[in-house]
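Report on the structure
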Amino acid sequence: MFRNTLAALPASLFITSTLAAMGPTTDSASCSALKGACSQADRLNILTSDEDWLFDFNDYPETYNFAPGGVTTAKASTFPATVENGMSMAMLNMGPCAMLPPHWHPRTSNYVVTVLGSVTTYMWEENGARLVTEKLTPGKMTIFPQGSMHMMVNTGCENAQVVSALNSPDATTANVGQVFANGFPAPLVNAAFGWEVAGPFAKSKMLPPGSGVNWGSQECLQRCGIHPNGTSTPPNNMTY
């Protein structure tokens, strides 16, 4: 059994990480050549091996796992064949009680469909908009419009898996919690939030760029009997 459920928003912000940080571009030379090619036939002459057209999510065990899980994305920086083909594809693995923290995609819309387990999604587009909440079981999908803030959570004690399509080969992610660690002046961030939310403590709780999936709420962890890192302490010494 594992863990993850949606905690109160401030708690979610404090445990946020950079989604799908799978390292640097794997083949920058091919990416550059593909972008400069005049035709698809020319691109075929750059991607000369059948292996160039195959992406194996299993090759990324640091993200393709369920403890707590991760976001593994086939995109221009990891799979050059996507260059000039208009989209990226991601597999979202979420162990019991795992969550994707609040984030948005500046350049892409995001279509997600659950293929295993059950996840709850939350999406908010802009000031004045209502919150859209969906429960996705296998075969059900939802859409996160470009620039909308959204998050997902597996509140059950079984694994969940979601297929995610994004309409750009250069899909990227911005996590809400990074406002506490990206260098914005803490006094200004605190003024914007109306309370002392930014500072050394908040910055110390920001997880480094990683898998994109965090452990969720203490309630779920306890209900599912999960002890992150083999201890009874919540991840990153977080208290909820």
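- As recorded by an unreviewed UniProt entry, the protein carries the name Cupin type-1 domain-containing protein and is attributed to Hortaea werneckii EXF-2000.
- According to the UniProt record, the Subcellular location (unreviewed entry) comment for the protein is "Secreted".

Describing the environment of Glu219
- Assignment of secondary structure puts Glu219 in helix H6 (residues 218–224).
- Note on Glu219: relative accessible area 44%, which makes it partly exposed.
- Taking the C-alpha atoms as reference points, Glu219 and Thr155, separated by 64 residues in sequence, lie 9.5 Å from one another.
- A polar contact is formed between the side chain of Glu219 and the side chain of Arg223, at a distance of 2.9 Å.

Focus: the packing of aromatic side chains
- Under the counting rule described, the total for this entry stands at 4 aromatic pairs.
- An aromatic cluster of three or more residues is present, and its members are Phe55, Phe57, Tyr60, Tyr64 and Phe79.

Structural notes on a nonpolar patch on the surface
- Side chains of Tyr111, Met141 and Ile143 sit close together on the surface and give an oily, nonpolar patch of about 280 Å² of accessible area.
- On the accessibility criterion, Tyr111 (42% relative accessible area) is partly exposed.

Quick word on the pairing of strand S8 (residues 149–153)
- The buried count for S8 comes to 4 of 5 residues, which makes it a mostly enclosed element.
- Of the strand pairs in this sheet, strand S3 (residues 98–104) and S8 are connected by 3 bridges, and their pairing is antiparallel. Note on S8: the bridge partner recorded for Leu100 is Met152.
- As judged from the 5 bridges shared by strand S5 (residues 119–124) and S8, these two strands associate in the antiparallel manner.

Structural notes on the state of the cysteines
- Throughout the structure, instances matching the rule amount to 2 disulfides.
- Disulfide pairing places Cys97 opposite Cys220 at an S-S distance of 2.1 Å. A torsion of -80 degrees about the S-S bond marks the disulfide between Cys97 and Cys220 as left-handed. Of this pair, Cys97 sits in the loop between strand S2 (88–94) and S3 while Cys220 sits in helix H6, and the two are 123 residues apart along the sequence. Cys220 carries the same exposure label as Cys97, and that label is buried.
- What pairs with Cys157 in a disulfide is Cys224, and their sulfur atoms sit 1.9 Å apart. Classification of the bridge connecting Cys157 and Cys224 rests on its S-S torsion, roughly -80 degrees, and on that basis the disulfide is left-handed. On the criterion of sequence distance, the pair formed by Cys157 in the loop between S8 and strand S9 (160–166) and Cys224 in helix H6 is long-range, its members being 67 residues apart.
- Indicated for the protein is the disulfide connectivity 1-3, 2-4, based on numbering the bonded cysteines in sequence order.

Scoring rules and cut-offs
- Residues numbered from 1 in each chain as written.
- Predicted model: local features only at pLDDT ≥ 70, side-chain atom pairs only at ≥ 80, totals over all residues.
- Heavy atoms only, no water.
- UniProt positions renumbered as here; feature names shortened; annotations may be inferred.
- Helix = DSSP H or I, 4+ residues; strand = E, 2+ residues; numbered from the N terminus.
- Buried < 20%, exposed > 50% of the residue type's maximum accessible area, 1.4 Å probe, protein only.
- Polar contact = N/O pair within 3.5 Å; in protein donor to acceptor, adjacent residues only side chain to side chain.
- Phe/Tyr/Trp six-rings, centres within 6.5 Å; stacked < 30°, edge-to-face > 60°.
- Patch = residues over 30% accessible without salt bridge, like charges linked within 9 Å, V, L, I, M, F, W, Y side chains within 5 Å.
- Areas by Shrake-Rupley, 256 points an atom, 1.4 Å probe, with all protein chains shown as cover.
- Salt bridge = Lys/Arg side-chain N within 4 Å of Asp/Glu carboxyl O.
- Pairing = 2+ DSSP bridges.
- Disulfide = S-S within 2.5 Å.

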